[in-house]
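Each chain, letter by letter, is given below.
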Amino acid sequence: MEFLGAHLAFRSRWQKTDEKLCRHSMSFILHQALRNDFFESYLYLLEREPLVKLYALTSQVIDGEIQFYARSRNFYKDVPATEEGMMGDFLELSDTDIASSRQFLRKFIGMQNDVNLQQQLQRQLNELNLQQQLQRQVVNQQSQIPQPPLPNCVNVQRYNSETGFCGGDQGPGKACTGYALDCGSGIGRVSKNVLLPIFDNIELVDMMEPFLEEAQNYLEEGVDKVEALYCYNLQEFTPVMKKYDVIWMQWVSGYLTDKDFLEFLRRCKSGLRQNGVIILKDNVARDGCRLDPIDNCLIRDIFILRSIIYKAGFTILSEQKQDGFPETLTPIWMIAMQ
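So, here's what we can say about the structure. Sequence order as written defines residue numbering, which begins from 1 separately in each chain. The model is predicted, so local features are restricted to residues of pLDDT at least 70 and side-chain atom pairs to those at 80 or more, both for listing and for counting; the totals for chains, interfaces and linings are taken over all residues. Computation of side-chain values: all heavy atoms of the structure, hydrogens and water removed.

## Description of the overall build of the chain
Part 1 of the reasoning: Per the convention used, a helix needs a DSSP run of H or I reaching at least four residues, while a strand needs a run of E reaching at least two, with both numbered from the N terminus. From N to C terminus, the chain includes 12 helices and 13 strands.
Part 2 of the reasoning: Whether a residue is buried, partly exposed or exposed follows from its accessible area with a 1.4 Å probe, protein chains only, as a fraction of its type maximum: under 20%, in between, or over 50%, in that order. By the burial criterion, 50% of the 338 residues in the chain qualify as buried.
Part 3 of the reasoning: In this description, contact between two residues means that some pair of their heavy atoms is separated by no more than 4.5 Å. Residue pairs at least 24 apart in sequence account for 68% of intrachain contacts in the chain once pairs closer than 6 positions are excluded.
Part 4 of the reasoning: For the chain, the exposed area adds up to about 17200 Å²; of that, 49% sits on carbon and sulfur atoms. Note on areas: Shrake-Rupley, 1.4 Å probe, and residue coverage restricted to the protein chains presented here.

Written as structure tokens, this is what we have:
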């Protein structure tokens, strides 16, 4: 908490400067631009970087694009479309990451995508349809026949033509297994190992076209479940309304400004079905935030992330720190929200 007092004092000083001393100066303009793009983060960033340098790395607009996005895109132009490229220099941690993601996701799924159970439910639905046909015939014939009892294991509410099969526990925080959206998917490492084993259909969105092209090979037979590939920057992408049971965002929120991250979360909220969940997994600073000097990614602390999530109108269902990674690395957290 020691840094918090220093931060508040720093913020108070700059607020006074903005309001009284340099309202029409260049520094005021730079501050305003940074505050607009990084309303939760920019004061922490100013503690690490001089104002002019920070502006040049982030909010400066060149050829119609702010440098925060241009620098990240230029970095990924040189990243190979492989698992090694997706994991950087830490491919050996991929299995640990995948195992933790699966375990965390399992908490928020009403039913695993069990093929046998789906077939059982489908047979039961066919029986229900047959009963409805018999009932219509009875009405037409103006006669009555006893209706066969429903199978004991059937819960009609477990299936919905729009949401798919939803067995097991249902309610807030228990999503169905119809559709998942993988944001910042890369070649589909998370889709292949975490989402495809559970969901009937998935969609991938990434800003790099070579990654999405490779995804069609990398996902192998799972590609049949891929309904769409979107080549978009997330700040420009709008999920289809009320379509997704789970929206997964891993190692991508740091490539959005605070403003665009907030607005993207709001758009994602509109894209969730009933009981749908967003899962955010990302690097989390130990305090404050900082810009990664390599890929220009913004690493926020857990308090900043929570603040943006709450402002987007979400409730946090669960938070969990990634285990099994070296302590020397930046901590990674998983956050489920609804």
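That shown, we press on.
## Examining the sheet that holds strand β8 (residues 244–250)
Part 1 of the reasoning: With respect to topology, 7 strands assemble into an open sheet ordered β7-β6-β5-β8-β9-β13-β12, the strand pairing being mixed. Since the sheet does not close on itself, it has two edges, and those belong to β7 (226–231) and β12 (316–321), each with one partner. Strand-to-strand, the axes of this sheet are offset by a mean angle of 15°, without reference to chain direction.
Part 2 of the reasoning: A strand pair is defined by DSSP finding two or more bridges across the two strands. Here β12 pairs with strand β13 (residues 332–337) via 5 bridges, running antiparallel. In the sheet register, Glu319 faces β13, and the bridge partner there is Ile335. Fitted lines through C-alpha atoms give the axes, limited to the stretch in contact for helices. The angle between two N-to-C directions lies from 0 to 180 degrees.

## Examining the packing of aromatic side chains
Part 1 of the reasoning: Side-chain rings of Phe, Tyr and Trp (the six-membered ring for Trp) are treated as a pair once their centres are within 6.5 Å; stacked means planes under 30 degrees apart, edge-to-face means over 60, and tilted covers the remaining angles. The full count for this structure, using the stated rule, is 8 aromatic pairs.
Part 2 of the reasoning: Look at Phe75 and Tyr76: their rings are 5.0 Å apart centre to centre, the planes differ by 85°, and that puts the pair in the edge-to-face class.
Part 3 of the reasoning: Among the residues examined, Phe75 registers a relative accessible area of 27% and is labelled partly exposed.
Part 4 of the reasoning: Here Tyr232 and Phe237 contribute two aromatic rings whose centre-to-centre distance is 5.7 Å and whose plane-to-plane angle is 50°, an arrangement assigned as tilted.
Part 5 of the reasoning: A residue is classified by how much of its surface remains accessible, and Tyr232, at 40% relative accessible area, is partly exposed.
Part 6 of the reasoning: Residue Phe237 is classed as buried on the basis of its relative accessible area, which comes to 4%.

## Section: the environment of Cys231
Part 1 of the reasoning: Checked against the element boundaries, Cys231 lands in strand β7.
Part 2 of the reasoning: You can call Cys231 partly exposed: its relative accessible area is 40%.
Part 3 of the reasoning: Note: C-alpha distance between Cys231 and Leu212 (19 residues apart in sequence) is 7.4 Å.
Part 4 of the reasoning: Setting aside chain neighbours within four positions, we find Cys231 in contact with Asp206, Met207, Met208, Glu209 and Leu212.

## Overview of the nonpolar core
Part 1 of the reasoning: If you look at the biggest cluster of nonpolar residues, it comprises 49 residues, and the most contacted ones within it are Ile247, Met249 and Leu265.
Part 2 of the reasoning: Sequence-distant contacts of Ile247, that is, excluding residues within four places in its chain, are made with Leu181, Cys183, Cys268, Leu272, Val277, Ile278 and Ile279.
Part 3 of the reasoning: The next biggest cluster of nonpolar side chains, apart from the first, holds 36 residues, and it includes Val190, Val194, Tyr218 and Val277. Nine residue types can take part in a nonpolar core, namely buried Ala, Val, Leu, Ile, Met, Phe, Trp, Tyr and Cys, and a core is a set of them joined through side-chain atoms within 4.5 Å.

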